[in-house]
Structure formats: C-alpha cells, structure tokens
Amino acid sequence: EFLDKAVDAGLAHLKQLDQAIGKYCSYLHIANDMGDLRGITIGPDLWRKIYKPHYKRLFHEWHKITPMKVNLHTCGCMVDILGDLVECGVDIYNPVQISARGMQPAVLKEKFGSNLIFHGGAFDAVHLPKHVAPDLVYDTVKANIRTLSRGGGYIFAGVHNLPGDMSETHLEA
C-alpha cells in the first residue's frame, strides 16, 4: 500500500516537473540504491516480488506523461535485475559500478547495450585505487569508454565521485 502511494505521489510530481521543465530536459535522474558489491541487497527474487510491479507502473506511466527518459541511479551489482529494469522502462542506467560482481563493461554492453544507455563506468576508485600506475588508469578508462560507447548509448562519467585523496596523475590519466 505504501509503495502504491509512493508511485502515485511520484507520478503527480512528475506531471508538475514536465509542465515546468519538460521542454528543456532530455531525462530525469532518480536514485534508489538497491545493491552492494555482491548483488541486490534483498535478493533478486524478493526484489521482483516487492518492488518490480511498482517500478513497472511508475516508469510505464512516466513514459506516457513525458518524453523525458528515466535515468535510474542504483549502486552495486545490478546485473541480476538489469533485464527487469529494462522491462520496467528504465532508459539510462547509472553508475555502472564496474568493481561489483558481474558488472564488467563488455558483459553489460553485450547483454543490455541495445536496450540501455549506460551513464558512468569509466573510472572506479575501488577498481583503480591510488597505488595503481597512471598508465593502467589511462588504459582502463580508455577501454571502458570504448566498450560502453560502442554503437552509441553512453554518457561519460566515473562510477562515483572522485575521491578527495585521488592523485593528480590519476586525475590526468
């Protein structure tokens, strides 16, 4: 009942946003972290039972209300439900946390690249900590961009914010 009311409120808010800024925006970015490095925190089966019907209604109605695309941020390993999120109507997926289980750029692009725009995944401070050589950072970021942008459908960004102690050489790379 709570999730039904939350979807109703979200759709009412979306109608107001579309009237106010819809003609100026290509997408709206919403966040709801559902995972960690291992997978969906409540498991994919329970997620499908509890949350999927509500996301499906929210995003299908969203597409009826506005041409703005759905950009969903959810950290962690989402590979087990990315197909479900596409089915629900997600257009853009962020942050592409490549350090999480099963989130290799080539695998994601192969399985979901024709249905999702990837937003992020170029640099992951967990995957490339500060002791790693700058050449490896450069090569990895270049490869991730090349993989995720192949055929289109990519918005350049890192996985998360850059850490405050990131070296200048890593930033340049």
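As the structure is a prediction and not an experimental result, all values here were calculated from the model.

Q: What is the right way to look at unusual backbone geometry in this model?
A: The phi angle of most residues is negative, glycine excepted, and most peptide bonds adopt the trans form. Of the consecutive residues N94 and P95, the connecting peptide bond is found in the cis state with omega at 20°. Relative to the helices and strands, P95 is located in the loop between strand 3 (92-94) and helix 5 (105-112).

Q: Sorry, what's going on with the nonpolar core here?
A: Where a protein is soluble and globular, its nonpolar side chains tend to be buried together. If you look at the biggest cluster of nonpolar residues, it comprises 41 residues, and the most contacted ones within it are F59, L82, L85, Y93, L108 and F118. For this core, the secondary structure elements donating two or more residues are helix 1 (2-21), helix 3 (52-65), strand 2 (69-73), helix 4 (82-88), helix 5 and helix 6 (134-149). Sorting elements by how many residues they give to this core places helix 3 first, with four residues. Among all residues touching L108, those that are not within four sequence positions of it are V79, L82, V96, G102, M103, G113 and F118.

Q: Is there a simple way to explain the packing of aromatic side chains in this structure?
A: Within a pair of aromatic rings, the relevant descriptors are the distance that separates the centres and the angle that separates the planes. Taken as a whole and assessed by the stated rule, the structure comprises three aromatic pairs. With 6.0 Å between their ring centres and 20° between their planes, W47 and Y55 make a pair best called stacked. Of the two residues, W47 and Y55, neither departs from the other in class, the shared state being buried. When the ring of F59 is compared with that of W62, the centres are 5.9 Å apart and the planes differ by 70°; the resulting orientation is edge-to-face.

Q: Help me out: how do you make sense of the packing of helix 5 against helix 6 in this one?
A: Two measures define how a pair of helices packs: the angle their axes make with one another and the distance between the axes. Viewed as axis vectors pointing N to C, helix 5 and helix 6 meet at an angle of 5°, and their least axial separation amounts to 9 Å. By the angle between their axes, helix 5 is roughly parallel relative to helix 6. In this structure, helix 5 contributes P105, A106 and K109 to the contact, and helix 6 contributes N144, T147, L148 and S149. Partitioned by chemical class, the residues of the contact of helix 5 with helix 6 number three nonpolar, three polar and one charged.

Q: Is there a simple way to explain the environment of I117 in this structure?
A: By the element assignment, I117 lies in strand 4 (residues 117-119). With relative accessibility at 24%, the residue I117 sits in the partly exposed group. For the pair formed by I117 and G152, sequence separation is 35 residues and the distance between their alpha carbons is 8.0 Å. When near neighbours in sequence (up to four residues on either side) are disregarded, I117 contacts K69, D91, I92, Y93, G153, Y154 and I155.

Q: Would you mind going over the side chain of N144 with me for this structure?
A: As for its position among the elements, N144 is in helix 6. For N144, a relative accessible area of 8% puts it in the buried group. With near-sequence residues (within four places) excluded, N144 lies in contact with I98, P105, G121 and A122.

Q: How should the pattern of salt bridges be read in this particular structure?
A: Close approach of charged atoms lets side chains of opposite charge pair. Inspection of every chain in the model, using the stated rule, returns ten salt bridges. Note that D45 and R48 form a salt bridge whose closest N and O atoms lie 3.4 Å from each other. A residue pair is termed a helical-turn pair when its members lie 3 or 4 positions apart in one helix, as D45 and R48 do in helix 2 (residues 44-50) at three residues. The class of R48 is partly exposed, set by a relative accessible area of 29%. Salt-bridge contacts for K64 lead to E61; the nearest nitrogen and oxygen are separated by 3.2 Å. Of the two residues, K64 and E61 both sit in helix 3, three residues apart, roughly one turn of that helix. Among the residues examined, E61 registers a relative accessible area of 29% and is labelled partly exposed.

Rules used throughout
Residues numbered from 1 in each chain as written. Predicted model: local features only at pLDDT ≥ 70, side-chain atom pairs only at ≥ 80, totals over all residues. Heavy atoms only, no water. Helix = DSSP H or I, 4+ residues; strand = E, 2+ residues; numbered from the N terminus. Core = buried A, V, L, I, M, F, W, Y, C linked by side-chain atoms within 4.5 Å. Buried < 20%, exposed > 50% of the residue type's maximum accessible area, 1.4 Å probe, protein only. Contact = heavy atoms within 4.5 Å. Phe/Tyr/Trp six-rings, centres within 6.5 Å; stacked < 30°, edge-to-face > 60°. Axes fitted to C-alpha atoms, helices over the stretch in contact; angles between N-to-C directions. Parallel < 35°, antiparallel > 145°, perpendicular 65-115°, else oblique. Nonpolar A, V, L, I, M, F, W, Y, C, P; charged D, E, K, R; others polar. Salt bridge = Lys/Arg side-chain N within 4 Å of Asp/Glu carboxyl O.

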